[in-house]
Amino acid sequence: MSGRLVEELTRRAALAMREVFEVDADPEVRPTNDPRFGDYQINGVLPLARRIGGNPRQLATRLLEGLDLGDMCLPPEIAGPGFINLRLDPFWVAREAGRVASDPRANISPVQAPQCVVVDFSSPNVAKRMHVGHLRSTIIGDALVRTLRFLGHRVVGDNHVGDWGTQFGILLWAWERHADQAALDADPIGELERLYKLGSEAAKADPQVADACRAELAALQAGDPERLALWKRFVAISRADAEAIYARLGVSFDTWHGESFYHERLAGVVERLCERGLARESEGAIAVFFDEDGDLGGTPLLVQKSDGAYLYATSDVATAEYRIETYAPDRIVYVVDVRQSLHFKQLFATLEALGYDQVRFEHVGFGMMLGADGRPFRTRDGGTVTLAALLEEAEERILPIVAEKWPDASEDEQRDIARRVGYGAVKYADLSQNLTTDYRFDWDKFLAAEGNTGPYLQYALVRIRSVLREYEVRVGRPFVADGAPLRLEADQERELATELLKLGDALDSAARLSRPHIVCEYLFGVARRFSPFYAACPILGAPDEGLRDSRVALAVATARTLEIGLDCLNIPLLDRM
RNA sequence: GCGCCAGUAGCUCAGCCGGAUAGAGCAACGGCCUUCUAAGCCGUAGGUCAGAGGUUCGAGUCCUCUCUGGCGCGCCA
């Protein structure tokens, strides 16, 4: 067993199909949605009946003759028009759950065929402070990286910083006219923002200024030493600001290859696109054109402006090529705002036309973060909310609760708890939503320790850890799970234990589909099943020592599951809250 | 105008490649601290899956159309 039940059951069922019917077909193993039908069901017999003919129930009967479920399941039952219901054998569950308790990886082995995956995420623009618009990409990308990595894939997390575009022309222009060295020393990123705002407003108001900004950019890209030196300074300032945020979030990257990194490849990209007949001149610019029909219809992808400058599409092609040459990835995942989906469709079509069809290009698009009122998330006076301010607020909102509950704790400890809970709540709020649509950010909802929230999951873990500390006090030594089968007597114990065996499937699905909320849903289910167990089954006060140790082990297995899941999501863990 | 995404309980959302009687949480109502953290737990109630057709053994899920909302459509990223 690899710790993936669906995968294992699918493998065995597919094997049986091949032996009995001599066909390759998907047995369509799914969890049931009704306990009366067992734990899993094989649905694939019905489509098979249509394909090869015959009565589905009879086919199911024949399939069962060739189906070896080992000791995993009780004897399967055929139900309805031809479903096969599988019920996990309680002894098997007890044994596997015992192993979850004793294994640091909760019994989940690394995947047999690791892939190389490049994850492009966060990617803030230089010259601006990080704000809530950057949160989702950062959090979701980080979670995908960690989940893929836990599963054994080779992952390159790349921060594709916007450090070579139009904003530098604006910034340089503004610097030359409004530079304030003292302000830059005092509040570097604030000063950059001030300059950028000045420049961009001037450029918007006056076309001549806009031209001047473009000229500045051209001079920079042409390698003017003075401008390059300034550029380096600006980039460093932005990076320091971003790093401070990443440190608070615990996010890290393998590479920081910003757009400037690919600068020298851009001319070659355009040349190659033209040679291949993919791009051509149009209204003074150079663009890749697509068929009029379909999603890409009508609008071309611009790769060179009429003034000779390159665009982000050019840079994106160069970036993909670099990644393919350097890492030979199986997948390249772009965690970027869903509003750019047309751009990515065009980009991917272009890359495929260039012959890079061995790579799965994937745009993980996500919606906007809205306020609780459904309008864009803003400060009271309508300004952009910085990430720093958001994290600050999360901490400040939690702190009084901590101070009230743990008045004896030092202020440092109270702050530490408030940060872990507050930051965790913010992250979880983001991760637990399905990606595609906008979502409402509601402090009261996300900071609550009830419902599907970060604090609720942290709280479940805290209660387990507290029990384990108490065990140590009462027994005189820490509990060590020995991997023995559990004694699952109460319904609450069985349901919890069964749920714990599904972590591997949840992580697999989340990684395969790039949807971290699958992990959230799963962990919430675990925590929700832990509560009744905790309420109904005294752990340390169990009627006998054997049952006590079994329950402690079940608690340890639960903690392990939550720890691994939360760690993949990069939600902070804690001992008390 | 064309395209993308969404519409599921009062509210916020799940529903994995089409599977059996559509699930959670919040809010509402009723209970639970003398025992391991009550930032908690248990229970009750709540549905024309936007609407209309279609595909098939079977549709919240796939197709067509309509309505509503969000977003995107050549020299920004």
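Residues numbered from 1 in each chain as written. Chains lettered and ligands numbered in written order. Predicted model: local features only at pLDDT ≥ 70, side-chain atom pairs only at ≥ 80, totals over all residues. Heavy atoms only, no water.

**A few points about the sheet that holds strand 3 (residues 77–79)**
Consider a sheet: its strands pair through backbone hydrogen bonds, and that pairing is either parallel or antiparallel. Spatially, 1-2-4-3 is the arrangement adopted by the four strands of the open sheet, whose pairing is antiparallel. One side of each edge strand has no neighbouring strand; the edge strands of this open sheet are strand 1 (29–31) and strand 3. Neighbouring strand axes in the sheet, compared pairwise and without regard to direction, differ in orientation by 35 degrees on average. As judged from the three bridges shared by strand 2 (residues 40–42) and strand 4 (residues 83–86), these two strands associate in the antiparallel manner. Bridged to Gln41 within strand 4 is Asn85. Taken strand by strand, helix 1 (residues 5–21) contacts strand 1, strand 2 and strand 4, and its axis lies near 30 degrees from that of strand 2. (Pairing = 2+ DSSP bridges. Helix = DSSP H or I, 4+ residues; strand = E, 2+ residues; numbered from the N terminus. Axes fitted to C-alpha atoms, helices over the stretch in contact; angles between N-to-C directions. Contact = heavy atoms within 4.5 Å.)

**Considering the pairing of strand 7 (residues 279–282)**
As judged from the four bridges shared by strand 7 and strand 8 (residues 285–288), these two strands associate in the antiparallel manner. Considered in strand 8, the bridge of Ala279 is made with Val288. The hairpin formed by strand 7 and strand 8 contains two residues between the paired strands, and Glu283 there has a positive phi angle of roughly 50 degrees.

**Comments concerning the domain arrangement of chain A**
For interface size, the figure often reported is the accessible area lost on association. Per the domain assignment, the segments making up chain A are domain 1 (5–88), domain 2 (166–249), domain 3 (257–364) and domain 4 (369–577). When each unit is reduced to the centre of its C-alpha atoms, the spacing between domain 3 and domain 4 is 41 Å. Taken together, the contact pairs six residues of domain 3 with six residues of domain 4. Between domain 3 and domain 4 the total buried area reaches about 320 Å² when both faces are included, carbon and sulfur atoms providing 42% of it. (Domains from an automatic or database assignment. Buried area = accessible area lost by both parts, 1.4 Å probe.)

**Some words on the protein's contact with RNA strand B**
With respect to spatial proximity, 70 residues lie near RNA strand B, and among them Arg36, Thr299, Lys305, Lys405 and Lys445 are the closest. Counting only atoms of RNA strand B within 4 Å of the protein, the fraction found in sugar and phosphate groups is 57%. Arg50 is positioned with one of its side-chain polar atoms (N or O) 3.2 Å from a base nitrogen of RNA strand B. The side chain of Arg515 places a nitrogen or oxygen atom 3.0 Å from a phosphate oxygen of RNA strand B. No other element matches helix 20 (residues 517–536), which puts eight residues into the surface near RNA strand B. Its residues assigned to classes, the surface near RNA strand B comprises 32 nonpolar, 16 polar and 22 charged. (Near = heavy atom within 4 Å. Polar contact = N/O pair within 3.5 Å; in protein donor to acceptor, adjacent residues only side chain to side chain. Nonpolar A, V, L, I, M, F, W, Y, C, P; charged D, E, K, R; others polar.)

**Some points on the packing of aromatic side chains**
All told, the structure shown has 23 aromatic pairs when counted by the stated rule. Relative to Trp256, the ring of Tyr246 has its centre 5.7 Å away and its plane inclined at 75 degrees; by these criteria the two rings are edge-to-face. Of the two residues, Tyr246 sits in helix 10 (residues 225–249) while Trp256 sits in the loop between helix 10 and helix 11 (266–275), which places them ten residues apart along the sequence. Assessed through its relative accessible area of 2%, Tyr246 is described here as buried. When the ring of Tyr439 is compared with that of Phe446, the centres are 6.4 Å apart and the planes differ by 50 degrees; the resulting orientation is tilted. An identical accessibility class is assigned to Tyr439 and Phe446; each is buried. Chaining the aromatic ring pairs together yields one cluster made of Phe377, Tyr439, Phe441, Trp443 and Phe446. Stacked on the ring of Phe150, the Lys or Arg Arg105 has its end atom at 4.1 Å from the ring centre. Between Arg239 and the ring centre of Trp256, over which it is positioned, the NZ or CZ distance is 3.7 Å. (Phe/Tyr/Trp six-rings, centres within 6.5 Å; stacked < 30°, edge-to-face > 60°. Buried < 20%, exposed > 50% of the residue type's maximum accessible area, 1.4 Å probe, protein only. Lys NZ or Arg CZ within 6 Å of the ring centre and 35° of its normal.)

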